[in-house]
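Next come the chains, spelled out residue by residue.
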Amino acid sequence: MRGTARVPGSLPWGNTRFGGGLPYSRLFMDAIRVVGGRPLEGELAVLGAKNAALKHMVASLLAPGTHRLDNVPDILDVEIMGDVLRHVGARCERDGSTLHLEVPERPVPEAPLELVRQMRASILVLGALLARTGEARVALPGGDDFGSRPIDFHLDGLQQMGVHFDLVHGVLHATAPNGIHGADVFLEFPSVGATENLLLAAVLADGKTTIGNAAREPELADLAAYLSKMGAKIDGAGTSTIEIHGVPGLTAAAHRVVPDRLEAGTFALAAAMSRGSVTVSECVPDHSRMELQKLQAAGCTVAVGDDWFTVTGPDRPLPVDLATLPFPGFHTDMHPQMVSLLAVADGTSIVTENVYTARFRYIGELNRMGADIVADGQHVVVRGVEGLSGCEVDGCDIRAAAALTIAGLRADGENLVMDASHIDRGYQDFVPKLQSLGANVERLRS
Ligand code: EPZ
């Protein structure tokens, strides 16, 4: 690139044309190329949940020694959390889908900006490090495409447990001069992250903590199961009221991570969109109950077993209204994928986003494919069109990239989902799995 003038006003490189007239995005490309029209067929086993594995890795910091986590997906976010653990002095080694975690007697109580910036979930070391060391220095995570995403519920709850906070140059300095003590905390919203941070702090706290209006997500119940194996005293995980009796110490343990209901749901949508039939196995169908119910309402045929379900797509989906909500409501992380399906429905659907203030960037990309979607406040109005046409779209974020790849399964021509690295953050082997179900899809990297 030496000697090439930077184009004024454009972002460094922008989409200026270089060597041979190729736009920048084609020179350094990481994209998923999908050619639509093939119904997906076959079976697919899901792996463990990203949104559980990340928290279990943090929870291991609560007990020195060697932990073992099985069924951990090999994805970017797990790698980043591995870096966070290494930064605090732990060892983290992968052996297939197993992680071996070696936690020191005294972790370094710090999570720097360069790691927190890469992944918000790093903020969860706050509760664990405070519980283990009585202090923590964690960079304050910023907002993202989903809105400002504050952590006020985390901080309010920890303050009630005796934690003091100072914000210095964007870093939260947290101390518990008199140790962490139990408290009766009632959350303003059943935030997953806040419930997890308070749980991680409470297991070693002095006395009893009650978390009211707690998150009920299956990943949270799985975290509590792992903590209980370490010796924690927890009641009510998975309900709106969690009670924790602090204990003096915990011991290292082994745990198998709960299956990923988002991976399961995403492949269910891929089956429906492609007019195909896919069995998703090694999952917990009950964790996807609302999503499967909405797929049935959209005209899919759904069969359910103990640890599998089969989704068979209709020729043309029916319109469906839905609202995203904390579990057991419709998962916000399935919102973009579901809108891809409703974009070709025979009628108009309304999707209301109740968890985030903004998660609508994918809409512009779907409309570039010929969809007819508008966002109005928290409501997404999806006027179904006959068909979509492939083009170059921006991956935006983990779930949007999955949704745009799924849209390509039914689009006319080639669909190119750029910035596909978003997918690697949340899905292991996304493209090979789609190929195994018969999709005409490939990963293009240059
Ligand atoms: C977890 O994020 C998941 N991430 C998200 O999945 C998921 O969308 C979300 O839960 C909801 O299910 C991980 O588990 C790593 P929240 P989290 O705290 O914990 C507001 C994916 O694609 N809020 O339940 O950050 C917040 O702004 C990701 O895998 C406050 O206002 O979610 C949001 O609007 C994306 N103050 C809402 O609550 C707070 O202190 C839900 O946030 C905390 C949250």
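This section reports on the structure supplied with the text. A quick note: this is a predicted structure, and the numbers were derived from the prediction, not measured. (Residues numbered from 1 in each chain as written. Predicted model: local features only at pLDDT ≥ 70, side-chain atom pairs only at ≥ 80, totals over all residues. Heavy atoms only, no water.)

## Concerning helix 6 (residues 152-160)
Point 1. Taken together, the buried positions of helix 6 are occupied by Phe153, His154, Leu155, Gly157 and Leu158.
Point 2. Looking at the buried side of helix 6, the elements it contacts are helix 5 (125-133), strand 10 (164-168), strand 11 (171-175), strand 12 (184-186) and helix 7 (192-202).
Point 3. Gly162 sits one or two residues past helix 6 and shows a positive phi near 95 degrees. (Buried < 20%, exposed > 50% of the residue type's maximum accessible area, 1.4 Å probe, protein only. Helix = DSSP H or I, 4+ residues; strand = E, 2+ residues; numbered from the N terminus. Contact = heavy atoms within 4.5 Å.)

## A short note on the packing of helix 2 (residues 50-59) against helix 8 (residues 218-229)
Each pair of packed helices can be summarised by the angle the axes make with each other and by the distance between the axes.
Point 1. The N-to-C vectors of helix 2 and helix 8 enclose an angle of 30 degrees; their axes lie 9 Å apart at closest approach. It follows from the interaxial angle that helix 2 and helix 8 lie roughly parallel. The hand of the helix 2/helix 8 crossing is right-handed. Every residue of helix 8 that contacts helix 2 at Asn51, Ala52, Lys55, His56 and Ala59 is listed here: Glu219, Asp222, Leu223, Tyr226 and Leu227.
Point 2. Taken together, the residues of the contact of helix 2 with helix 8 sort by class into 5 nonpolar, 2 polar and 3 charged. (Axes fitted to C-alpha atoms, helices over the stretch in contact; angles between N-to-C directions. Parallel < 35°, antiparallel > 145°, perpendicular 65-115°, else oblique. Left-handed = near helix turned anticlockwise from the far one by under 90°. Nonpolar A, V, L, I, M, F, W, Y, C, P; charged D, E, K, R; others polar.)

## Some details on the site of the ligand
Point 1. Around the ligand, a shell composed of 21 residues is seen, among which Lys55, Asp152, Ser191, Val355 and Tyr356 lie nearest.
Point 2. Between the ligand and Pro150, the relevant distance is 3.2 Å, taken from a nitrogen atom to a main-chain nitrogen or oxygen of the residue.
Point 3. In the environment of the ligand, a nitrogen atom lies 2.6 Å from a nitrogen or oxygen atom belonging to the side chain of Asp152.
Point 4. Relative to its free-state accessible area of 820 Å², the ligand is covered by the protein chains to the extent of 87%.
Point 5. Classifying every residue of the shell around the ligand by side-chain character gives 9 nonpolar, 6 polar and 6 charged. (Near = heavy atom within 4 Å. Polar contact = N/O pair within 3.5 Å; in protein donor to acceptor, adjacent residues only side chain to side chain. Areas by Shrake-Rupley, 256 points an atom, 1.4 Å probe, with all protein chains shown as cover.)

## Digging into the sheet that holds strand 25 (residues 392-394)
Point 1. Strand order in the open sheet formed by 4 strands is 25-27-3-28, and the pairing between neighbours is mixed. Taken across any chain shown, the strands that pair with only one partner, and hence form the sheet edges, are strand 25 and strand 28 (440-445). The sheet shows a mean angle of 25 degrees between the axes of neighbouring strands, direction not considered.
Point 2. Of the pairings in the sheet, the one linking strand 3 (residues 30-35) to strand 27 (residues 414-418) comprises 4 bridges and is antiparallel in character. Opposite Val35, over in strand 27, you have Glu414 as the bridge partner.
Point 3. Sheet contacts for helix 13 (residues 398-408): strand 3, strand 25 and strand 27; angle to strand 27, the most-contacted strand, approximately 170 degrees. (Pairing = 2+ DSSP bridges.)

## What to know about the packing of aromatic side chains
Point 1. As enumerated under the stated definition, the model contains 3 aromatic pairs in all.
Point 2. Taking the centre distance of 4.8 Å and the plane angle of 55 degrees together, the rings of Phe146 and Tyr356 count as tilted. With Phe146 in the loop between strand 9 (135-139) and helix 6 and Tyr356 in the loop between strand 21 (348-353) and helix 12 (361-368), this pair connects stretches of sequence that are 210 residues apart. Neither Phe146 nor Tyr356 differs from the other in exposure class; each is buried. (Phe/Tyr/Trp six-rings, centres within 6.5 Å; stacked < 30°, edge-to-face > 60°.)

## Let's talk about the layout of surface pockets
Point 1. Taken as a whole, the second largest pocket spans an internal volume of roughly 180 Å³.
Point 2. Around the second largest pocket sit 13 residues that line it, and Asp424, Asp429, Phe430, Arg443 and Arg445 are the ones nearest its centre.
Point 3. Of the residues forming the lining of the second largest pocket, the biggest block, 4 residues, is contributed by helix 15 (residues 430-436).
Point 4. Broken down by class, the residue content of the lining of the second largest pocket amounts to 6 nonpolar, 2 polar and 5 charged. (1 Å grid on protein atoms, 1.4 Å probe; cavity = no way out; pocket = protein on both sides within 12 Å on 5 of 7 lines; lining within 4 Å. Points joined across faces, edges and corners; volume = space filled by probe spheres on them.)

## Some points on unusual backbone geometry
Point 1. Of the consecutive residues Phe327 and Pro328, the connecting peptide bond is found in the cis state with omega at 10 degrees.
Point 2. Tracing the backbone shows Pro328 in the loop between strand 20 (322-324) and helix 11 (335-342).
Point 3. With a phi angle near 50 degrees, Asn213 is a residue other than glycine that sits in the positive phi range.
Point 4. Here Asn213 lies in the loop between strand 13 (208-212) and helix 8.

## Focus on the pairing of strand 3
Point 1. One ladder, built from 6 bridges, connects strand 3 with strand 28; its direction is antiparallel. Across the sheet, the residue bridging to Arg33 is Glu442, located in strand 28.

## Thoughts on the sheet that holds strand 21
Point 1. Spatial strand order, 20-21-23-22: 4 strands in an open sheet with mixed pairing. Both outer strands of the open sheet, strand 20 and strand 22 (372-376), are each paired with one neighbouring strand and no more. Strand-to-strand, the axes of this sheet are offset by a mean angle of 20 degrees, without reference to chain direction.
Point 2. Sheet analysis places strand 21 next to strand 23 (residues 379-383), joined by 5 bridges and oriented antiparallel.

Everything listed here is a matter of geometry and, on its own, says nothing about what the molecule does.
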